[in-house]
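Below, each chain spelled out in residue letters.
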Amino acid sequence: MAKSRAEETEMLQSTTLSTRVVPIAYEKPAKNPIFFPALLIGLQAVFIILLGLHAEYGHEPIGNHITLPKHSVISFPNGTHVRIHDEAETPHRGIADFYSMFQDIHIMIFIGFGFLMTFLRKYGFSAVGYNFLVAAFVLEWALIVRGYMFDYEPATKSFPIDIERIIVADFVAAAILISFGAVLGKTNPTQLIVMAFIEVLLQSANEYIGLKRFCAFDIGESMFVHVFGAYFGLAVAFMLYDKELTSVEAEQREKSVYHSDLFAMVGTIFLFCFWPSFNAGVAAAGDSRLRAVVNTYISIASSVLLTYICSCLFSKEKKFDMVHIQNATLAGGVAVGTVADKIIRPFGAMIIGSVAGALSTIGFRFIKSTLQKFKVHDTCGVNNLHGMPGLLAGIFGIMLAFLPAYSLYNENIIPVCWHSTERSHLMQVGYQAAALGTTLVIAITGGIITGLILRLPLFNDERPSSYYNDHTHWETPDDFHDAHSTALISSETERHV
Amino acid sequence: MAKSRAEETEMLQSTTLSTRVVPIAYEKPAKNPIFFPALLIGLQAVFIILLGLHAEYGHEPIGNHITLPKHSVISFPNGTHVRIHDEAETPHRGIADFYSMFQDIHIMIFIGFGFLMTFLRKYGFSAVGYNFLVAAFVLEWALIVRGYMFDYEPATKSFPIDIERIIVADFVAAAILISFGAVLGKTNPTQLIVMAFIEVLLQSANEYIGLKRFCAFDIGESMFVHVFGAYFGLAVAFMLYDKELTSVEAEQREKSVYHSDLFAMVGTIFLFCFWPSFNAGVAAAGDSRLRAVVNTYISIASSVLLTYICSCLFSKEKKFDMVHIQNATLAGGVAVGTVADKIIRPFGAMIIGSVAGALSTIGFRFIKSTLQKFKVHDTCGVNNLHGMPGLLAGIFGIMLAFLPAYSLYNENIIPVCWHSTERSHLMQVGYQAAALGTTLVIAITGGIITGLILRLPLFNDERPSSYYNDHTHWETPDDFHDAHSTALISSETERHV
Amino acid sequence: MAKSRAEETEMLQSTTLSTRVVPIAYEKPAKNPIFFPALLIGLQAVFIILLGLHAEYGHEPIGNHITLPKHSVISFPNGTHVRIHDEAETPHRGIADFYSMFQDIHIMIFIGFGFLMTFLRKYGFSAVGYNFLVAAFVLEWALIVRGYMFDYEPATKSFPIDIERIIVADFVAAAILISFGAVLGKTNPTQLIVMAFIEVLLQSANEYIGLKRFCAFDIGESMFVHVFGAYFGLAVAFMLYDKELTSVEAEQREKSVYHSDLFAMVGTIFLFCFWPSFNAGVAAAGDSRLRAVVNTYISIASSVLLTYICSCLFSKEKKFDMVHIQNATLAGGVAVGTVADKIIRPFGAMIIGSVAGALSTIGFRFIKSTLQKFKVHDTCGVNNLHGMPGLLAGIFGIMLAFLPAYSLYNENIIPVCWHSTERSHLMQVGYQAAALGTTLVIAITGGIITGLILRLPLFNDERPSSYYNDHTHWETPDDFHDAHSTALISSETERHV
């Protein structure tokens, strides 16, 4: 911006020449180009066999298929009354109850996550394309893993697939795509499939422990999906760290261009709009579900405002930063997830969203670069959008468990759990903390081990020059090396000249 | 297009140089850069306190939560029978009834309006970003204002928030975003927040008068949202008019580029698809809601056709104009709004949509430039898409009130209104006209006063050189000054050379 | 990529000059520029009259408007039980049952098909714009044609329009838009409207024969929409074939640019996500609908995986091809359509999707160019995405009819058909085959005749230089001839130099 006229003219000329002259050393094809399709074909065949052996259709509810559960009413000292949903009597629920929210969540997974990651100037094909590949793979694999782990009935030797199960498969996909965000641009498709294969197993196991053994509440999956996905992904990113990531070339390719930022906003806004469906998707019909919608609606709107406030406030020139708007605006949806169906009241939702939006923007502005010093390079900033707000959510969950009148988890109405013993609300506090701690331990340990596996020469054929570069694995159109690279190449030229 | 070879070569060279050489004088940061975040933080704190004092959750209906209202059947002279919905017995309705349409409307607000405005070549970040900011702000503020104005119960000292209330907050956001369209590119974020703050109050007050005092019908909010939003915004634009808007620089930046037009089409098509949900969103369950869906579906499809017809017909070269296709195609949704749930019959919906599409295209082709002579500069053409079609809707409402058998507003089945006296259909005609007139008066007066406030030096730090320019308030990527500005700068160069 | 420095420098210079110097001969306006608007106005007037004469609103169901049909239970030899839906007792269904899926399908038609076709670098306005025009036209015309053909009641001299009918109008639009994909870029808007006018009549007639006379099952309309649309469009493309299509200019314009490929992915992903709604949209409530959702979800996920596998496997450099990812990934939705609500079990759905994804990718890689040798130029590759997977779907339907326990079409529970005689499952096999055969015959014959009509000088004013070129019929922004054409013009320049 501040160069002299002569410098600029010279730079322009050399740029014009070097655009054509300096050959960019693109990556050769992978060492074993057949490995990726062979691995996928093999897995697909195994999935077909497993589905053939044990998967059956679930059933739609008979009769009136929307019926409300019975309620009991609790009176609070301040005079308000709350109807309590008795989960033991929840009727089986079907398409009429779930379908609309299912499709919202489905769009979040494929459009939301997919386009959110297209901000990289030369990695748009990979961002939306690998998101598509990984999510489709996880849908299949999660149906199977969750089927065996949660729903297998020894009597019929089968597990059912119904509308609730396909929503849950989408939730699992969200966790894996969050991890994908941490390693975006630094992994090849084979590594992504291997990571997804392992992570589905660990994420499901962790959720089984948290939900079925600890009986922790986490209706919006902020712990089981967001915290797990973020710290698993960051642990993988730590293991795959390469100092070439801080090279000028890589950092240039890690930037956006004007229209790639607009594509990313498509993802952001769909995630924003449909987040109430994510948090209320499997909530109990009735007031629980209404609260999950209302709380998320208010919380995520508040995080939008605090993101604009903090983005402006912490900027030198008092300008907004697209990275914040694309990401931190959504932190309110994450942070309210664990307690979304509880009685946090509208102002509580607004406080949670505000704290989350501010924290997330601070994360993008200050914490992300600090993490990188510790060799954790977080491409999409998942620590800021999913990690820290998810931890907040877990902490809010622990805090709310102290208040059984609001968390609805007191001794009488504790949901039927595997042990079926009564539980005090202080015990619930402990179990909430245990669920959060277990999630962190399994995510980080699992991520480190997965990262070690991904570094095996069998999988790891990426070279730093291929980071954030679609050309390595995609056929690219003519303009890939022209129009879009102007800014990139001119800065490269400066060094060459 | 018709330049000689020599001229073009020369122009190209000077362009190439001047791209780098002539420094574009971008705006300095706002005078008081802390004012915007401080204002927003203050408002956010007030909102939290108000919600804390008086906002409670609403409740989901108990028992079977989808039940149809009772109907009575009216026979018409021509032998057809119509079931009449008795509003007094409408059961309380919940998520199962509203959620799917709520999400459609939510997408219209954030994706539809947001991307519709990205057509400006250098203002895409602001278009979608400020839309996001303003809409999120309005959701919070509208929940509170509407809560106190429509729903406050002195007994419990609270107002409820349920699924119907969050839909209504989205409707209010639509009105403010329509006004935003009129002043797009000519206002800073502080001005937008101040405008939104005032407009929510006035829009809600006007709707309270029209709905609760006049008992006018306007199921798709064509008067209360579209007419109000458009003429409020145009009045603000009139007050903020600056002759620099007609400078060559500003007019160049007011144009689109190829891909910005495609982004705008994302907005257009989502608005088109989901408009039936907007008009039927809060319609009474049963045949009223079915008519609202069917009438809107037919009307908006007709306005698409008439837009293509008129865009071609009124063009010198008989070509289609993207501005028309992006906007006028939707006029059928606005124009049918007031009477969408009435018995206008499918051919009536088709006539309404056709008239609206033609009128709106004529507005974009001829009326927009005329308005500008009167110092009303309408960036997005909201007069053509929302203003005039909204007036049409109001007039169709008045006409239909003359026909009580079709409007369903005769003496027996008049909805229970505040006065609870009987009302002849001719009185209803008068009240419909009064609602339309009041809307215009409050919108224009309010807009003028708001415009005066926005011109206060406290808020108004914009300079014409920052019009339609993301760089003033956003951190922009490297290519912002390069690829996208080619056409712009070459035309500037012509003048410099 | 492999050019010497000198060559490249020279090429760059000549490009820079020729960008401005060589005037591109754009098409003159159509011979009779009034013909297109006049034709559309005339048709719009006719539609208004027909709707006025005979269209009435349908009705929402009275009472509890979601009720499940009765079921009977069938036991299979392997011990599983299946509840059978008795279609004769299906209650009338309304908005609560249909609306959410209707809107998904609506988005598929306008966003999905529209943006999928924006991949062409200089034809984005036309792709999304004509899609919008043609789809809106078809909605109107299909409501009328289907009304007279399927629903006309002589007693009331009217046909009803309700939520199910507007879904069906969207299905008809899908067929016409598939044909549009085959002729994309080679037809003017007048030709598209004429084609749509004829095709709606033929598609509806064919579906009437297949559904009402043959009583074939095809819940996802794979035969009646996908096969019909694809082969009708290919027959039209064959009749309009022009050897200029293989010219260097045309082939250059037929390519994508980086961001046009990303816009196309918006279309792809919405189609992917909402395909379960397409296949289950009009399925009988209850287990049939659940199966339609689950089978489509699994099948289309499998076709994503096989597309990535085959795209990589059949590529020389083992890279992914965006054309495959944009299209073949969806083939699983088509191929499972005919049997989506039958008991094919999850592993069956996975096999169907896998076969379809592989076949479709093979089609794009190998068969598309072969077809072109036979003068069938298929712009979007509809043979690969809709034609061949649709034929697969028809064949799977025939196969399943052999297994009445799984197809649910045995002698006792055959749906009430026009003849109301009993039918063996072998007869059903024959009728399924007859429906597929009839579809092919009517589509191809109708397409050839329509192509002949479109070649009449009255309609055909396109010149090959206008192929894939928005400029012919659209006002284009400044950068249309600049930034986007760089790659195109440089390759043209090579030939000129």
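Scroll up a little and you will see the structure.
In this text, all values refer to a predicted model and were calculated from it rather than measured experimentally. (Residues numbered from 1 in each chain as written. Chains lettered and ligands numbered in written order. Predicted model: local features only at pLDDT ≥ 70, side-chain atom pairs only at ≥ 80, totals over all residues. Heavy atoms only, no water.)

(A) Main features of the pattern of salt bridges. Applying the stated criterion to the full structure yields 21 salt bridges over all chains. We note a salt bridge from Asp341(A) to Lys342(A), for which the minimum N-O separation is 3.8 Å. For the residue pair Asp341(A) and Lys342(A), the accessibility class agrees, reading buried in each case. Across the pair Asp478(C) and Arg121(B) runs a salt bridge whose closest N-O atoms are separated by 3.5 Å. A residue pair is termed interchain when its members come from two chains, as with Asp478(C) in the loop between α16 (425-454) and α17 (486-496) and Arg121(B) in the loop between α3 (95-116) and α4 (124-151). The exposure class of Arg121(B) is buried, given its relative accessible area of 1%. (Salt bridge = Lys/Arg side-chain N within 4 Å of Asp/Glu carboxyl O. Buried < 20%, exposed > 50% of the residue type's maximum accessible area, 1.4 Å probe, protein only. Helix = DSSP H or I, 4+ residues; strand = E, 2+ residues; numbered from the N terminus.)

(B) A look at a nonpolar patch on the surface. A contiguous nonpolar surface patch, about 290 Å² in accessible area, is contributed by Ile49(A), Leu53(A) and Tyr148(A). Within the secondary structure, Tyr148(A) sits in helix α4 (residues 124-151). (Patch = residues over 30% accessible without salt bridge, like charges linked within 9 Å, V, L, I, M, F, W, Y side chains within 5 Å. Areas by Shrake-Rupley, 256 points an atom, 1.4 Å probe, with all protein chains shown as cover.)

(C) Region of the structure containing the packing of helix α7 (residues 222-239) of chain A against helix α14 (residues 382-401) of chain A. Residue and element names in this part refer to chain A. Contact geometry for α7 and α14: axes closest at 8 Å, N-to-C directions at 135°. Taken together, the axis directions place α7 and α14 in an arrangement best described as oblique. Between α7 and α14 lies a crossing whose hand is left-handed. Between α7 and α14, the residues in contact are Ser 222, Met 223, His 226, Val 227, Ala 230, Tyr 231 and Leu 234 and Val 382, Asn 383, His 386, Gly 387, Met 388, Gly 390, Leu 391, Ala 393 and Gly 394, respectively. Class assignment for the residues of the contact of α7 with α14 results in nine nonpolar, seven polar and no charged. (Axes fitted to C-alpha atoms, helices over the stretch in contact; angles between N-to-C directions. Parallel < 35°, antiparallel > 145°, perpendicular 65-115°, else oblique. Left-handed = near helix turned anticlockwise from the far one by under 90°. Contact = heavy atoms within 4.5 Å. Nonpolar A, V, L, I, M, F, W, Y, C, P; charged D, E, K, R; others polar.)

(D) Representation of the packing of helix α2 (residues 35-54) of chain C against helix α4 (residues 124-151) of chain C. Residues and elements named next belong to chain C. Direction vectors running N to C along α2 and α4 enclose 35°, while the axes themselves pass 11 Å from each other. In the packing of α2 onto α4, the handedness of the crossing is left-handed. Between α2 and α4, the contacting residues are Phe 36, Leu 40, Leu 43, Gln 44, Phe 47, Leu 50, Leu 51 and His 54 on the first element and Leu 133, Phe 137, Glu 140, Trp 141, Ile 144 and Tyr 148 on the second.

(E) How the structure looks around the environment of Val323(B). All names here are of chain B. Position of Val 323 relative to the elements: it lies in helix α11 (residues 322-327). With relative accessibility at 33%, the residue Val 323 sits in the partly exposed group. Leave out the neighbours within four places in its chain, and Val 323 touches Ala 328 and Phe 364.

(F) Main features of the relation of the copies chain A and chain C. Of the transformation superimposing chain A on chain C, the axial component is 0.0 Å and the angular component is 120°, with the fit at an RMSD of 0.0 Å. Viewed as a symmetry operation, the transformation between the two copies matches a three-fold axis. Across chain A, the smallest distance between a C-alpha and the rotation axis is recorded for Ser100(A), namely 3.4 Å. By residue overlap, the copies meet through two different surfaces: only 10% of the interface positions of chain A are interface positions in chain C. (Least-squares fit on C-alpha atoms with pLDDT ≥ 70 in both.)

(G) Spotlight on the interface of chain A and chain C. Every contact between the two is made by 79 residues of chain A and, on the other side, 75 residues of chain C. Between chain A and chain C, a total of about 6800 Å² is buried, with carbon and sulfur atoms accounting for 74% of that surface. Between the two partners, chain A and chain C, sit three salt bridges. Residues Arg345(C) and Glu56(A) are paired through a salt bridge, measuring 3.1 Å at the closest nitrogen-oxygen approach. Here chain A is connected to chain C by 24 residue pairs in polar contact (both at pLDDT 80 or more). Secondary structure elements with two or more residues in the side of chain A that touches chain C: α1 (5-21), α2 (35-54), β1 (55-57), α3 (95-116), α4, α5 (163-183) and α9 (258-280) of chain A. (Buried area = accessible area lost by both parts, 1.4 Å probe. Polar contact = N/O pair within 3.5 Å; in protein donor to acceptor, adjacent residues only side chain to side chain.)

(H) Seen up close, the interface of chain B and chain A. Contact with chain B, which involves 78 residues of that partner, is made by 74 residues of chain A. Both faces considered, chain B and chain A share a buried interface measuring about 6800 Å² in area, 74% of it formed by carbon and sulfur atoms. Put simply, chain B and chain A have 24 residue pairs in polar contact (both at pLDDT 80 or more) between them. Elements supplying a minimum of two residues to the side of chain B that touches chain A: α1 (5-21), α2 (35-54), β1 (55-57), α3, α4, α5 (163-183) and α9 (258-280) of chain B. Counting residues per element, the side of chain B that touches chain A draws most heavily on α4(B), which supplies twelve residues.

(I) Geometry of the environment of Leu116(B). Residue and element names in this part refer to chain B. Structurally, Leu 116 is set in helix α3. Expressed as a C-alpha distance, the spacing of Leu 116 and His 473, which sit 357 residues apart in the sequence, is 20 Å. Apart from the residues lying within four places of it in its own chain, the contact partners of Leu 116 are Ile 111, Ala 264, Gly 267, Thr 268, Leu 271, Gln 326, Asn 327 and Leu 385.

(J) Main features of the relation of the copies chain B and chain A. At an RMSD of 0.0 Å, chain B and chain A line up after a rotation of 120° and a shift of 0.0 Å along the axis. Taken together, the interface assignments show that only 10% of the residues at the interface of chain B recur at the interface of chain A, consistent with different surfaces on the two copies.

(K) The arrangement of the state of the cysteines in detail. Residues and elements named next belong to chain A. In this structure the tally under the stated criterion is zero disulfides over all chains. No disulfide involves Cys 312; its sulfur sits 9.8 Å from that of Cys 310, the nearest cysteine. The exposure class assigned to Cys 312 is buried, which follows from its relative accessible area of 4%. (Disulfide = S-S within 2.5 Å.)

(L) Here's a closer look at unusual backbone geometry. Residues and elements named next belong to chain C. Positive phi is not limited to glycine here, since Glu 221 has a value of about 60°. In this fold, Glu 221 is placed in the loop between α6 (189-213) and α7 (222-239). Assessed through its relative accessible area of 5%, Glu 221 is described here as buried. Positive phi outside glycine occurs at Tyr 468, with the angle close to 55°.

(M) Representation of the packing of aromatic side chains in the model. Going through the model one piece at a time under the given rule, you end up with 96 aromatic pairs over all chains. Seen from their ring centres, Phe150(C) and Tyr208(C) are 5.2 Å apart, and the 85° between their planes marks the pair as edge-to-face. Taken together, the positions of Phe150(C) in helix α4 and Tyr208(C) in helix α6 put the pair 58 residues apart, joining distant regions of the chain. You can call Tyr208(C) partly exposed: its relative accessible area is 25%. By way of ring pairs, the aromatic residues Phe36(A), Tyr123(A), Phe125(A), Tyr130(A), Trp474(A), Phe480(A), Tyr258(C), Tyr308(C) and Phe320(C) are connected into one cluster. Looking at Arg146(C), its charged tip hangs above the ring of Phe150(C), at a distance of 4.0 Å from the centre. (Phe/Tyr/Trp six-rings, centres within 6.5 Å; stacked < 30°, edge-to-face > 60°. Lys NZ or Arg CZ within 6 Å of the ring centre and 35° of its normal.)

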